[in-house]
Amino acid sequence: MDILQTLKADYQRFPNNPTYEIYDPNVYFKDPLTEFRGLTRYQSMIQFMKTWFKDVCLTLHDIHRTGQKVKTEWTLSWTTPLPWTPRIVIPGHSELLLNDEERIVSHIDYWHCSRFNVIKQHFFTSKTR
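By convention here, each chain's residues receive numbers from 1 onward along its written sequence. Thresholds applied to this predicted model are a pLDDT of at least 70 for local features of residues and 80 or more for the giving and counting of side-chain atom pairs; totals over whole chains, interfaces and linings are not thresholded and use all residues. Hydrogens are left out, water is left out, and the side-chain values use all remaining heavy atoms of the structure.

## Thoughts on the side chain of Thr72
So, step 1. The helix count covers DSSP runs of H or I at least four residues long, the strand count covers runs of E at least two residues long, and both are numbered beginning at the N terminus. Residue position: Thr72 is located in strand S4 (residues 69-79).
So, step 2. Exposure is judged per residue with a 1.4 Å probe applied to protein chains only, and the accessible area is read against the type maximum: over 50% gives exposed, under 20% gives buried, and values in between give partly exposed. Judged by its relative accessible area of 0%, Thr72 falls in the buried class.
So, step 3. A polar contact is formed between the side chain of Thr72 and the side chain of Tyr11, at a distance of 2.7 Å.
So, step 4. Only heavy atoms matter for contacts: two residues are in contact if any of them lie within 4.5 Å across the pair. Once residues lying within four places of it in the same chain are set aside, the contact partners of Thr72 are Tyr11, Leu60, Asp62, Ile63, Gly92, His93 and Ser94. By the criterion applied in these results, polar contacts are pairs of N or O atoms within 3.5 Å in which, for protein atoms, one can donate a hydrogen and the other can accept it, and in which residues neighboring in sequence qualify only through two side-chain atoms.

What follows is the structure, encoded as structure tokens:
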């Protein structure tokens, strides 16, 4: 299993059918909103997105590997189920660290926008931001 090919396929179908086998059971995850350890918690986070958000799309712009590190550049978007159905767009990148078994032991997401910007997107259209 080539980790880069697996990640590319996972991004294309996100949040459906992720390949959880590529993650260590004690994976560390962090993004601007949350931080935790454990594959079960990671699975719950993905399920939350799949359940509550509509038209979730994770567009992969770049992926490369240097040694045990993988970096991805992406844009995450979804429609929030509010009456005015705002479309949320978050550009960012992920830094993944692999162990000797080629499993992800650390997954850190960085947003190229502020948390405040994401909140604003829920209330103002791109024309009024």
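Now that the structure is up, let's keep going.
## Notes on the nonpolar core
So, step 1. Here the nonpolar core consists of buried residues drawn from Ala, Val, Leu, Ile, Met, Phe, Trp, Tyr and Cys, with membership extended through side-chain atoms lying within 4.5 Å. Counting 32 residues, the largest nonpolar core has Leu7, Tyr42, Leu76, Ile90 and Ile104 as the members making the most contacts within it.
So, step 2. Mapped onto this core, the elements with two or more residues apiece are helix H1 (3-13), strand S1 (23-30), helix H2 (39-52), strand S3 (54-66), S4, strand S5 (87-98) and strand S6 (104-111).
So, step 3. It is H2 that provides the largest number of residues to this core, a total of five residues.
So, step 4. Apart from the residues within four sequence positions on either side, Ile90 is in contact with Trp74, Thr75, Leu76, Trp78, Trp111, Cys113 and Val118.

## Description of the pairing of S3
So, step 1. Inspection of the sheet shows S3 paired to S4 by ten bridges, in the antiparallel sense. Each bridged residue has a counterpart across the sheet, and for His64 the counterpart in S4 is Lys71.
So, step 2. One bridge is not enough; two strands pair if DSSP finds at least two bridges between them. Adjacent in sequence and paired antiparallel, S3 and S4 are bridged by two residues, among which Gly67 carries a positive phi angle near 65°.

## A look at the sheet that holds S3
So, step 1. With respect to topology, six strands assemble into an open sheet ordered S2-S1-S6-S5-S4-S3, the strand pairing being mixed. The open sheet is flanked by strand S2 (35-37) and S3, the only strands paired with a single partner. Adjacent strand axes in the sheet meet at a mean angle of 20°, parallel and antiparallel pairs treated alike.
So, step 2. Where H1 meets the sheet, it contacts S3, S4, S5 and S6, and its direction lies at approximately 160° from that of S3.
So, step 3. Contacting S1, S2, S3, S4 and S6, H2 runs over the sheet at an angle of about 65° to S1. A fitted line through C-alpha atoms serves as each axis, taken over the contacting stretch for helices, and the angle formed by two N-to-C directions is quoted from 0 to 180°.

## Considerations on the environment of Arg87
So, step 1. Take Arg87: it is sitting in strand S5.
So, step 2. For Arg87, a relative accessible area of 34% corresponds to the partly exposed category.
So, step 3. Residues Arg87 and Val56, spaced 31 residues apart in sequence, show a C-alpha to C-alpha distance of 9.8 Å.

## Some remarks on a nonpolar patch on the surface
So, step 1. Nonpolar side chains collect at one region of the surface, where Trp84, Ile119, Phe123 and Phe124 lie side by side and expose about 460 Å² of accessible area between them.
So, step 2. Topologically, Trp84 is positioned in the loop between S4 and S5.
So, step 3. Of the residues examined, Trp84 reaches a relative accessible area of 47% and is grouped as partly exposed. Exposure above 30% relative accessible area and no salt bridge define the residues that can form patches, which grow by joining like charges within 9 Å and nonpolar side chains of Val, Leu, Ile, Met, Phe, Trp and Tyr within 5 Å. Method for areas: the Shrake-Rupley scheme with a 1.4 Å probe, in which residue coverage is limited to the protein chains shown. The term salt bridge refers to a pairing of a side-chain nitrogen on Lys or Arg with a carboxyl oxygen on Asp or Glu at a separation within 4 Å.

## Topic: H1
In an α-helix, one full turn covers 3.6 residues, which means residues spaced three or four apart are oriented alike.
So, step 1. Every buried residue of H1 is listed here: Ile3, Leu4, Thr6, Leu7, Asp10 and Tyr11. Relative to the axis of H1, the buried residues are bounded by an arc of 160° and lie together on one face.
So, step 2. Tucked into the core, H1 has its buried residues touching S3, S4, S5 and S6. Think of the arc as the fan of directions from the helix axis to the C-beta atoms.

## Quick look at the side chain of Thr79
So, step 1. Along the chain, Thr79 turns up in strand S4.
So, step 2. On the basis of relative accessibility, which here comes to 11%, the residue Thr79 falls in the buried class.
So, step 3. Of the polar contacts made by the side chain of Thr79, one reaches the side chain of Arg87; its length is 2.9 Å.
So, step 4. Those residues in contact with Thr79, other than ones at most four positions away along the chain, are Phe53, Lys54, Asp55, Thr85, Pro86 and Arg87.

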